[in-house]
Structures are given as C-alpha cells and as structure tokens.
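What follows is the residue order along each chain.
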Amino acid sequence: MTQNSEFDQMALFGTEGALVHYYDKNGALHTGRLIRIIKRGRKAGQMVVQNQQGKKIIPHKVRNVE
C-alpha cells in the first residue's frame, strides 16, 4: 500500500475553483479561489490562489480548503 500526500488526494476530487482560507505573511486570514497546485520545482506542493482582487499568489500558510 502506498502512502499519498494530501495534495495527491486533493487532485482526485477536482478541487480547482475551491475556496481556500489562507494566512498571509503578516498573519491575516484571507479567502480566495484555488487555481492549481504546483507539482514540480522548489515550490512543489504549494497552492496558487487567486485573491479577491484577482491577483494570483502563493499563500504563506493555508488554513483549509472547502
């Protein structure tokens, strides 16, 4: 039996467009839409989120995904 990461499991459910609650570098809680999960490179496993102003960011810390 193989052990999957939480990001591998999220890919099974098609979470693109899901709501993401995340903290910025100052510790403030925000809500945005999940665009994608980075799969390769140094930032592999991190999420790309579109904030309410339409800017795409990589959040400092994710609280939960709805």
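For the structure, see preceding data.
Overview of the structure.

Definitions and cut-offs
- All residue numbers here refer to positions counted from 1 along the written sequence of the relevant chain.
- Thresholds applied to this predicted model are a pLDDT of at least 70 for local features of residues and 80 or more for the giving and counting of side-chain atom pairs; totals over whole chains, interfaces and linings are not thresholded and use all residues.
- Values reported for side chains reflect all heavy atoms of the structure, with hydrogen atoms and water molecules removed beforehand.
- Nonpolar core, defined: a set of buried Ala, Val, Leu, Ile, Met, Phe, Trp, Tyr and Cys residues in which side-chain atoms within 4.5 Å join the residues together.
- Each residue's exposure class comes from its accessible area (1.4 Å probe, protein chains only) as a fraction of the maximum for that residue type: buried when under 20%, exposed when over 50%, partly exposed otherwise.
- A helix here means a DSSP run of H or I that spans at least four residues, while a strand means a run of E at least two residues long, and both kinds are numbered starting from the N terminus.
- Whether two strands pair comes down to DSSP finding at least two bridges between them.
- Nitrogen and oxygen atoms within 3.5 Å of one another constitute a polar contact, given that in protein one can donate a hydrogen and the other can accept it, and given that sequence-neighbouring residues count only through two side-chain atoms.
- It only takes one pair of heavy atoms within 4.5 Å for two residues to be counted as in contact.

Okay, the nonpolar core next. One finds Val20, Tyr22, Leu34, Ile37, Met47 and Val49 forming the largest nonpolar core, which totals six residues. Elements represented by at least two residues in this core include exactly strand E1 (19-23), strand E2 (29-37) and strand E3 (47-50).

Another point: the sheet that holds E1. Here we have five strands laid out as an open sheet, ordered E4-E3-E2-E1-E5, and antiparallel in their pairing. Of all strands in the sheet, those bounded by a partner on one side alone are strand E4 (56-57) and strand E5 (61-65).

Assignment of secondary structure puts His21 in strand E1. Side chain to side chain, His21 and Thr31 meet in a polar contact 3.1 Å long. Setting aside residues no more than four positions away along its own chain, His21 makes contact with Leu29, His30, Thr31, Val62, Arg63, Asn64 and Glu66.

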